[in-house]
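Descriptive analysis of the structure
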Amino acid sequence: MKTLLRFLLPALLPIAIGALTGCAGMGASSTEPMLSASGFRVKKPENTTQQQLYDQLPPYKIQRGEYQGKIFYAYKDEKQGVAYVGNEDAYQQYQKLATEKSIARAQYEAAQMQQDMAYRWYGAYYPRGYYRY
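Rules used throughout
- Residues numbered from 1 in each chain as written.
- Predicted model: local features only at pLDDT ≥ 70, side-chain atom pairs only at ≥ 80, totals over all residues.
- Heavy atoms only, no water.
- Pairing = 2+ DSSP bridges.
- Helix = DSSP H or I, 4+ residues; strand = E, 2+ residues; numbered from the N terminus.
- Axes fitted to C-alpha atoms, helices over the stretch in contact; angles between N-to-C directions.
- Buried < 20%, exposed > 50% of the residue type's maximum accessible area, 1.4 Å probe, protein only.
- Polar contact = N/O pair within 3.5 Å; in protein donor to acceptor, adjacent residues only side chain to side chain.
- Contact = heavy atoms within 4.5 Å.
- Arc of directions from axis to C-beta.
- Phe/Tyr/Trp six-rings, centres within 6.5 Å; stacked < 30°, edge-to-face > 60°.
- Lys NZ or Arg CZ within 6 Å of the ring centre and 35° of its normal.

Our next topic: the sheet that holds strand 4 (residues 82-87). Strand pairing in a sheet is mediated by backbone hydrogen bonds. Such pairs are either parallel or antiparallel. Here we have four strands laid out as an open sheet, ordered 1-4-3-2, and antiparallel in their pairing. A single partner strand is all that each edge strand has here, and the edge strands are strand 1 (41-43) and strand 2 (62-67). The sheet shows a mean angle of 35 degrees between the axes of neighbouring strands, taken without regard to direction. The sheet contact formed by strand 1 and strand 4 spans three bridges and is antiparallel. Along strand 4, the bridge assignment pairs R41 with V85.

This is how it looks when you write it as structure tokens:
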């Protein structure tokens, strides 16, 4: 089993890294799908008042606001020219997804470090490619 794992792991590792890189992305590009999955709705500014409010938002940051006693959250996607708008429940769901993603990334990185250390450990005592169990 260990021999099979030793041969399969290097072959499957680039595929796994590619899949995780494609999902995680960098910066704002991974935020929009999580906002949509959390219940945020995509809104385009339709009149001058909405356009002025949209222009005042900082790009790629979630902002908290209040309108008629209700709390809402808005995220400006400057590249697409839209805003993601959600209520408190949507924001809480977004926070949950972001935390889960962060934990998954940390676990993945820890596994990579453990694997790297294991390869170095065995390689230090035996010639490369020969492992004694």
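Let us now look at the side chain of K76. Residue placement: K76 occurs in strand 3 (residues 70-77). A relative accessible area of 5% places K76 in the buried class. Reaching out from K76, the side chain makes a polar contact with the backbone oxygen of L57 at a distance of 3.3 Å. With residues up to four places along the chain from it excluded, the contact list for K76 reads Y54, D55, L57, P58, P59, Y60, K61, V82 and A83.

The subject of this paragraph is the environment of P45. Turning to its location among the elements, P45 is positioned in the loop between strand 1 and helix 3 (48-56). In this structure P45 comes out as partly exposed when scored by relative accessible area, which is 23%. Between the alpha carbons of P45 and D55 there is a distance of 9.6 Å; along the sequence they are ten residues apart. With residues near it in sequence (within four places) discarded, P45 still touches Q50, Q51, Y54 and G81.

Every buried residue belonging to helix 2 (residues 31-38) is among T31, E32, M34, L35 and S38, and all of these are buried. In a view along the axis of helix 2, the buried residues occupy a sector of 165 degrees, so they form one face of it. Taken from the residues just after helix 2, G39 is the one with a positive phi, measuring 110 degrees.

Here six bridges tie strand 2 to strand 3, and the two strands are oriented antiparallel to one another. Along strand 3, the bridge assignment pairs G65 with F72. Hairpin geometry of strand 2 and strand 3 is characterised by an intervening segment of two residues between the two adjacent antiparallel strands and by a positive phi of about 50 degrees at Q68. Where strand 3 lies against strand 4, six bridges are found, and the strand directions are antiparallel.

Further remarks concern the packing of aromatic side chains. Taken as a whole and assessed by the stated rule, the structure comprises three aromatic pairs. With a centroid separation of 4.0 Å and 5 degrees between ring planes, the pair formed by Y73 and Y91 is classed as stacked. Taken as a pair, Y73 in strand 3 and Y91 in helix 4 (residues 88-125) lie far apart in primary sequence, 18 residues in all. With relative accessibility at 6%, the residue Y73 sits in the buried group. Each ring, one from Y75 and one from Y84, has its centre 6.1 Å from the other, and the planes form 65 degrees; the classification is edge-to-face. Counting every residue linked through ring pairs, the aromatic cluster contains Y60, Y75 and Y84. Positioned over the ring face of Y54 is K76, at 4.8 Å from the centre of the ring.

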